[in-house]
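Take a look at the letters that make up each chain.
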Amino acid sequence: MTVPPIDLTRRLGGRIAVVTGGGSGIGLATARRFAAEGATVVIADLDERAGAAAADEVDGVFIRCDVADQDSVDHLFDATVARFGRLDIAFNNAGISPPDDDSIETTELPAWQRVQDVNLTSVYLCSRAALRHMVRQQSGSIINTASFVAVLGSATSQISYTASKGGVLALTRELGVQFARQGIRVNALCPGPVNTPLLTELFASDPERAARRLVHVPVGRFAEPEELAAAVAFLASDDASFITASSFMVDGGIGSAYVTPL
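Residues numbered from 1 in each chain as written. Predicted model: local features only at pLDDT ≥ 70, side-chain atom pairs only at ≥ 80, totals over all residues. Heavy atoms only, no water.

Considering the side chain of Gln-158
Item 1. Checked against the element boundaries, Gln-158 lands in the loop between β5 (140-145) and α5 (159-178).
Item 2. We classify Gln-158 as buried; its relative accessible area is 5%.
Item 3. One polar contact links Gln-158 to Ser-97, side chain to side chain, over a distance of 2.4 Å. (Helix = DSSP H or I, 4+ residues; strand = E, 2+ residues; numbered from the N terminus. Buried < 20%, exposed > 50% of the residue type's maximum accessible area, 1.4 Å probe, protein only. Polar contact = N/O pair within 3.5 Å; in protein donor to acceptor, adjacent residues only side chain to side chain.)

Details of the side chain of Gln-137
Item 1. Structurally, Gln-137 can be placed in helix α4 (residues 109-137).
Item 2. The exposure class assigned to Gln-137 is buried, which follows from its relative accessible area of 18%.
Item 3. Not counting residues up to four positions away in its chain, the partners in contact with Gln-137 are Arg-86, Leu-87 and Asp-88. (Contact = heavy atoms within 4.5 Å.)

Quick word on the packing of aromatic side chains
Item 1. Inspection of the entire model under this criterion finds one aromatic pair.
Item 2. Relative to Phe-248, the ring of Phe-234 has its centre 5.8 Å away and its plane inclined at 35°; by these criteria the two rings are tilted. Taken as a pair, Phe-234 in helix α8 (residues 225-236) and Phe-248 in strand β7 (residues 247-250) lie far apart in primary sequence, 14 residues in all. (Phe/Tyr/Trp six-rings, centres within 6.5 Å; stacked < 30°, edge-to-face > 60°.)

A word on the pattern of salt bridges
Item 1. Across all of its chains, the model carries nine salt bridges by this definition.
Item 2. One salt bridge in this structure joins Arg-15 and Asp-238, with 2.7 Å as the shortest N-O distance. One end of the pair, Arg-15, is in the segment before β1 (16-20); the other, Asp-238, is in the loop between α8 and β7, and 223 residues separate them in sequence.
Item 3. Residue Arg-15 is classed as buried on the basis of its relative accessible area of 18%.
Item 4. Two residues, Glu-57 and Arg-32, come together in a salt bridge whose shortest N-O distance is 2.5 Å. Residue Glu-57 is located in helix α2 (residues 48-57), and its partner Arg-32 is located in helix α1 (residues 25-36); the two are separated by 25 residues in the primary sequence.
Item 5. Of the residues examined, Arg-32 reaches a relative accessible area of 36% and is grouped as partly exposed.
Item 6. One network of salt bridges, in which partners are shared, links Arg-11, Arg-33, Glu-37 and Asp-239. (Salt bridge = Lys/Arg side-chain N within 4 Å of Asp/Glu carboxyl O.)

Here's the deal with helix α7 (residues 207-214)
Item 1. Those residues of α7 that sit buried are Arg-209, Ala-210 and Arg-213. In an axial view of α7, the angular spread of the buried residues amounts to 100°, which keeps them on one side of the axis. Projecting away from the buried face of α7 at angles above 90 degrees are the exposed residues Pro-207 and Glu-208. (Arc of directions from axis to C-beta.)

Observations regarding the confidence of the model for the protein chain
Item 1. Per-residue pLDDT for the protein chain has a mean of 93; in total, 94% of the residues score no lower than 70.
Item 2. Across the protein chain, strand β4 (residues 89-92) holds the top mean pLDDT of 99, while helix α6 (residues 197-204) sits lowest at 68. (pLDDT = per-residue confidence, 0-100.)

Re the layout of surface pockets
Item 1. Of the voids in this model, the second largest pocket is the one considered here, and its volume is about 340 Å³.
Item 2. As for the second largest pocket, its lining consists of 15 residues, of which Phe-148, Gly-153, Ser-154, His-216 and Ile-254 are closest to the centre.
Item 3. A class-by-class count of the residues in the lining of the second largest pocket yields seven nonpolar, six polar and two charged. (1 Å grid on protein atoms, 1.4 Å probe; cavity = no way out; pocket = protein on both sides within 12 Å on 5 of 7 lines; lining within 4 Å. Points joined across faces, edges and corners; volume = space filled by probe spheres on them. Nonpolar A, V, L, I, M, F, W, Y, C, P; charged D, E, K, R; others polar.)

A look at empty space enclosed by the protein
Item 1. Counting across every chain of the model gives one cavity of 30 Å³ or more.
Item 2. One number sums up the size of the largest cavity: a volume of about 30 Å³.
Item 3. Contributing to the lining of the largest cavity are Val-149, Ser-154, Thr-156, Ser-157, Gln-158, Thr-162 and Arg-213.
Item 4. Here the lining of the largest cavity is composed, by residue class, of one nonpolar, five polar and one charged.

Let's talk about the packing of α4 against α5
Item 1. Axis separation between α4 and α5 bottoms out at 8 Å; the angle between their running directions is 20°. When the axes of α4 and α5 are compared, the pair comes out roughly parallel. Considering how the two elements wind past one another, α4 and α5 form a crossing that is right-handed. Two secondary-structure elements touch here, α4 through Ala-111, Trp-112, Val-115, Gln-116, Asn-119, Leu-120, Val-123, Tyr-124, Ser-127 and Leu-131 and α5 through Ile-159, Ser-160, Tyr-161, Ala-163, Ser-164, Lys-165, Gly-167, Val-168, Leu-171 and Leu-175. (Axes fitted to C-alpha atoms, helices over the stretch in contact; angles between N-to-C directions. Parallel < 35°, antiparallel > 145°, perpendicular 65-115°, else oblique. Left-handed = near helix turned anticlockwise from the far one by under 90°.)

What to know about the environment of Val-81
Item 1. One can find Val-81 in helix α3 (residues 70-84).
Item 2. Considering only alpha carbons, one finds Val-81 and Ala-130, 49 residues apart in sequence, at a separation of 9.6 Å.
Item 3. When near neighbours in sequence (up to four residues on either side) are disregarded, Val-81 contacts Arg-86, Leu-87, His-133 and Arg-136.

This is the structure:
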């Protein structure tokens, strides 16, 4: 699907945004959207080539970051504020879904732990680092990437991925409630299946798994990254000023489906 061009407002004008996993997929699409809406974007990624290219494209800044490492995460957010003087938006989006994370019967502890570190512990570390600055400002918007699998069960399991995204939802609700009266909103983005390199790689080796998932999406297709980026931009903006501690489903209806159209 080709997403039609959008007549964008400048509702993020003057704001400073950090996007983890900004070198590809939803992160890159969101960095583009943020920049188009007027934000200055700091791209964080482990892949230096992809991250630097993304930063060049959006006229932003690249900071290499291992989101599972506390010192690396602290440097990301501290360096952003040192350079720009503030932090308005943190899109904690980096994540992995490796092939050795599968059924609980076959997923070994090292695979489980690596996914937890990158998908869940990273959100704890990034939120903590962002909040140090946002609490001082008494303002800010944090958006954490969870998933529709955090609220649905699947027989095509990625057990650690699913558990990690459930943790992201719980953490997000807690922070959203805790910091609401300090001018800080914290929300979880819950995408359905999205046409990203991560999904493509996962399904390329198992077309049957892809087909089993697609049949459950009422709109009959996977999302495009730009469609998720639009939702993130909304949550980051003042248009979402009364939305916090939410699980924001952008899933093509899969979370509400019992039987899908033929």
